[in-house]
Amino acid sequence: MSLSLHSGAFGGTGPALLVHGGAWAIPDEVLADHRRGLREAVAVGRDRLQDGATPLDVVTDVVATMEARGTFDAGTGAMLNQDGEVELDAGVMDGATLDYGAVMATQRIAHPVRAARRLLDAGDGRVRMLASEGAERFAEAEELTMVENEALICDRERDRYETIRRRTDELHPSHSFLPGAPRENSGADTVGCIARDKEGRLAAATSTGGTPFKPPGRVGDSPLPGAGFYATESGAASATGWGEAIAAVTLASRSIDDLDDGTDPEAVVRDRLLHMHEAVVNPDGDGATGGLLLMDTNGQAAWAYTTPRMARGGWRPGDGLWVEV
């Protein structure tokens, strides 16, 4: 299968943010919803940056907005696992301190990114990652919003689940991100945000419901620091795509390592996605595909994707707010 690689960049000084709403074969009929959801999220980030919020606060609030939207595969409206339940993963990281927090396979936390943030803030770093019931106990103790799993399920994803469940062929998590994937198989709207304040401090966050009809307990790249998200003093990154491949090549952290070598961010995101495509293949022989956001401490930012489409948007002073799918 031939590979199409798309990329873009923007630069400047001062505060900035980039947001993604997943990279996959996004159908025409949901493009408008994706644009509205992205515009809402970017506007939240813009307003928070203009108010002087920290990058960590900005990425948390932007991703929480997308988790509540019902449009994306994160929080409310996420895809269902093989048991017909929502399981959510999220991670967040502060580039100034290398502090991070992550939760995975949660079923009752309305905003997993906020639970990840509370773990980051929890104290001495004794615990940075919690899974399943342990994460939910922590979130309850922190008085975060808890819901019944049913409240996270939407009709769109219940219909997708029933269609897949009636099929007998084996699904592979990579299939969701390939051109020509059956409509019921495709859909992987992992969401993410990277942000920079006017002093050059950076943060990153990513949240997902995973791939359609995944086995219960499956965890991809999104809550793994260095894979689905990462931030240092040099850069911030958020990834989306085939999670097992993204984790295998530690896509986010290695992209930031390349920034330390002085490479242009757009060249980095293109090269890293090409490397992943060549390094990891599925059982059908198809190379891994996905998308990536990257920003450096100087305000240079870029995105790239090897999937049919990627929902993305951003803002910086003077350039205004933009979204593309």
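Everything discussed here concerns the structure shown above.
Residues numbered from 1 in each chain as written. Predicted model: local features only at pLDDT ≥ 70, side-chain atom pairs only at ≥ 80, totals over all residues. Heavy atoms only, no water.

**Things to note about the environment of Gly 235**
With respect to the helices and strands, Gly 235 occurs in strand β9 (residues 235-241). Discounting chain neighbours no more than four positions away, the residues touching Gly 235 are Leu 202, Tyr 230, Ile 256, Leu 259, Met 295 and Asp 296. (Helix = DSSP H or I, 4+ residues; strand = E, 2+ residues; numbered from the N terminus. Contact = heavy atoms within 4.5 Å.)

**A word on unusual backbone geometry**
One non-glycine residue, Ala 105, lies in the positive phi region at around 55 degrees. Relative to the elements of secondary structure, Ala 105 occurs in strand β4 (residues 100-106). Judged by its relative accessible area of 9%, Ala 105 falls in the buried class. At Ser 132, a position not held by glycine, the phi torsion is positive, near 50 degrees. Tracing the sequence through the fold places Ser 132 in helix α4 (residues 132-141). (Buried < 20%, exposed > 50% of the residue type's maximum accessible area, 1.4 Å probe, protein only.)

**Quick notes on the pairing of strand β2 (residues 16-24)**
The buried fraction of β2 amounts to nine of the nine residues, a majority that puts the element mostly inside the structure. Examined bridge by bridge, β2 and strand β6 (residues 191-196) share five bridges and lie antiparallel to one another. Within the sheet, the bridge partner assigned to Val 19 lies in β6 and is Cys 193. With six bridges joining them, β2 and strand β12 (residues 309-316) adopt antiparallel strand pairing. When the bridges of β12 are listed, Trp 24 appears paired with Arg 309. (Pairing = 2+ DSSP bridges.)

**Quick look at the nonpolar core**
Core analysis: the biggest nonpolar cluster contains 40 residues, and Leu 17, Val 19, Val 59, Val 62, Met 66, Val 92 and Cys 193 have the highest contact counts within it. Among the elements that take part in this core, helix α2 (residues 55-69) stands out by supplying seven residues, more than any other. Once residues lying within four places of it in the same chain are set aside, the contact partners of Val 19 are Leu 38, Ala 41, Val 42, Val 62, Met 66, Gly 192, Cys 193, Leu 293, Ala 311, Arg 312 and Gly 313. Membership of the second largest hydrophobic core comes to 22 residues, among which are Ala 227, Ala 245, Val 268 and Leu 294. (Core = buried A, V, L, I, M, F, W, Y, C linked by side-chain atoms within 4.5 Å.)

**Notes on helix α3 (residues 112-121)**
In terms of residue burial, α3 counts as a mostly covered element, since seven of its 10 residues are buried. Among the residues of α3, those classed as buried are Pro 112, Val 113, Ala 115, Ala 116, Arg 117, Leu 119 and Leu 120. Tucked inside the fold, the buried residues of α3 contact α2, β3 (88-94), β4, β5 (129-131), α4 and β7 (202-208). Gly 123 sits one or two residues past α3 and shows a positive phi near 145 degrees.

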